[in-house]
Amino acid sequence: MKVRQNLYIDRELSDALEALASGPAANKSRLVNDAVASWLARRGTKEVDDLPKVRLDRMSREIALVRRDIDVVLESLALFVRYQLLVTAPLPDADSEALAVGLDRFEKFVRQVGRQLATGKRTLGPADLPDKRS
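Residues numbered from 1 in each chain as written. Predicted model: local features only at pLDDT ≥ 70, side-chain atom pairs only at ≥ 80, totals over all residues. Heavy atoms only, no water.

Novice: In this structure, what is going on with the overall build of the chain? I would like to understand it.
Specialist: Within the chain, the regular secondary structure consists of 3 helices and 0 strands. Residues counted as buried form 3% of the 134 residues belonging to the chain. A total accessible area of about 13000 Å² is found for the chain, and carbon and sulfur atoms account for 61% of it. (Helix = DSSP H or I, 4+ residues; strand = E, 2+ residues; numbered from the N terminus. Buried < 20%, exposed > 50% of the residue type's maximum accessible area, 1.4 Å probe, protein only. Areas by Shrake-Rupley, 256 points an atom, 1.4 Å probe, with all protein chains shown as cover.)

Novice: Even after reading the chapter, I still don't get the side chain of glutamine 116, so can you show me in this structure?
Specialist: For glutamine 116, the location among the structural elements is in helix H3 (residues 96-119). Residue contacts for glutamine 116: discarding those within four places in its chain leaves Lys121, Arg122 and Thr123. (Contact = heavy atoms within 4.5 Å.)

Novice: Before we go on, may I ask you to explain H3 in this structure?
Specialist: Think of an α-helix as turning once every 3.6 residues; residues three or four places apart then point the same way. The terminal C-alpha atoms of H3 lie 34 Å apart, and with 24 residues this matches the ideal 34 Å at 1.5 Å per residue to within 8%. Looking one or two places after H3, you find glycine 120, whose phi comes out positive at around 85°. (Expected span 1.5 Å × (residues − 1).)

Novice: So what exactly am I meant to see when it comes to a nonpolar patch on the surface here?
Specialist: A cluster of nonpolar side chains, contributed by Leu7, Ile9, Leu13, Val32, Val36, Trp39 and Leu40, occupies part of the molecular surface with about 660 Å² of accessible area. Ranked by residues supplied to the nonpolar patch, first place goes to helix H2 (residues 28-87) with 4 residues. Among the structural elements, leucine 13 can be located in helix H1 (residues 11-20). (Patch = residues over 30% accessible without salt bridge, like charges linked within 9 Å, V, L, I, M, F, W, Y side chains within 5 Å. Salt bridge = Lys/Arg side-chain N within 4 Å of Asp/Glu carboxyl O.)

Laid out in structure tokens, this is it:
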């Protein structure tokens, strides 16, 4: 059942509606009906869309903090490697024992990193930091 409505709209909007309804299959009532239905549907979904907004904002802040922490770790590692490369004297090629020890240490280091990542244990964490109260 259709209900008759008497509405007042701005002249510019009326002219645009008239132009839109000038087509052969166009109907002003149908256009206004569809437009109002669409607007009402969007208005209801706006409230639903606002619900996850707070959670998404919090997650964005947390991701930004994680990104900052990763930047700190990467910069610290880069500075440490640079320092080690600048300070450590190169081994002579003839010192095969020292090269073998270095390669062995590196392989142990890589295995240890793999174990730490596999078990989820971390070398630095909240429990490993000194207590600030003392």
